[in-house]
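Overview (structure and organization)
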Amino acid sequence: MSLFIEFETKGNVLCIRLEGELDHHTANDLKEQASEIIDRENIRHLVLNLASLDFMDSSGIGVVLGRYNQIKGNGGEMVICSVSPTICKLFEMSGMFKIMRLATSEENALHGLGVA
């Protein structure tokens, strides 16, 4: 399976919606595209919507952590939303929720960042 990536900018917030599988085959595309948009558009915050993500491996975790570091370097916050139970367990086991906030929906994530 492949990964479909949708990007939407709302002010200084980049929303990334993922559908499919984020693994060693697809991680580099997400990394390159997201990094380029964050730099080009002076993005401060990132919302990662995983509602349609079916699978993620350690390569995916690495890409997420890399974008987290990039956003933190801009003085911003990264919020993960709409996570399935399987992906949620992976994030909990890896300690991701100790550094990133979890929101129930993209709307709640944006509201928490001050974007309505």
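Residues numbered from 1 in each chain as written. Predicted model: local features only at pLDDT ≥ 70, side-chain atom pairs only at ≥ 80, totals over all residues. Heavy atoms only, no water.

1. Observations concerning the overall build of the protein chain
Counting its regular elements, the protein chain contains four helices and five strands. Starting at the N terminus and ending at the C terminus, the protein chain contains elements arranged as β-β-α-β-α-β-α-β-α. Rg of the C-alpha trace for the protein chain: 13 Å, near the compact-globule value of 13 Å for 116 residues, within the 12% margin. For the protein chain, the spread of C-alpha atoms along the three principal axes comes to 30 × 25 × 20 Å. Going through the 116 residues of the protein chain one by one, you find that 47% of them count as buried. Across the protein chain, every contact between residues at least 6 apart in sequence was considered, and the portion connecting residues at least 24 apart equals 68%. When the accessible surface of the protein chain is totalled, it reaches about 6,000 Å², and 49% of it is carbon and sulfur. Considering the protein chain, the positive charge centre built from 10 side chains and the negative charge centre built from 16 side chains are found 9 Å apart. (Helix = DSSP H or I, 4+ residues; strand = E, 2+ residues; numbered from the N terminus. Rg over C-alpha atoms; globule rule 2.2 N^0.38 Å. Buried < 20%, exposed > 50% of the residue type's maximum accessible area, 1.4 Å probe, protein only. Contact = heavy atoms within 4.5 Å. Areas by Shrake-Rupley, 256 points an atom, 1.4 Å probe, with all protein chains shown as cover. Lys, Arg positive; Asp, Glu negative; His and termini not counted. Charge placed at Lys NZ, Arg CZ, Asp CG, Glu CD.)

2. So, the pairing of strand β2 (residues 13-22)
The buried count for β2 comes to eight of 10 residues, which makes it a mostly enclosed element. Between strand β1 (residues 3-10) and β2, which follow one another and run antiparallel, lie two residues, and Gly 11 among them has a positive phi close to 65 degrees. Two elements, β2 and strand β3 (residues 45-56), share nine bridges in a ladder whose sense is parallel. The residue bridging Leu 22 from the neighbouring strand is Met 56, located in β3. (Pairing = 2+ DSSP bridges.)

3. Description of the nonpolar core
Ranked by size, the top nonpolar core spans 30 residues in total, and within it Leu 18 and Leu 50 carry the most contacts. Looking at this core, the elements that each hand over two or more residues are β1, β2, α1 (27-40), β3, α2 (58-73), β4 (78-81) and α3 (85-94). Excluding residues within four positions of it along the chain, Leu 50 makes contact with Leu 18, Met 56, Ile 80, Cys 81, Ser 82, Val 83, Ile 87 and Phe 91. In this structure, Val 13, Val 47, Ala 103 and Val 115 belong to the second largest nonpolar core, which totals 10 residues. (Core = buried A, V, L, I, M, F, W, Y, C linked by side-chain atoms within 4.5 Å.)

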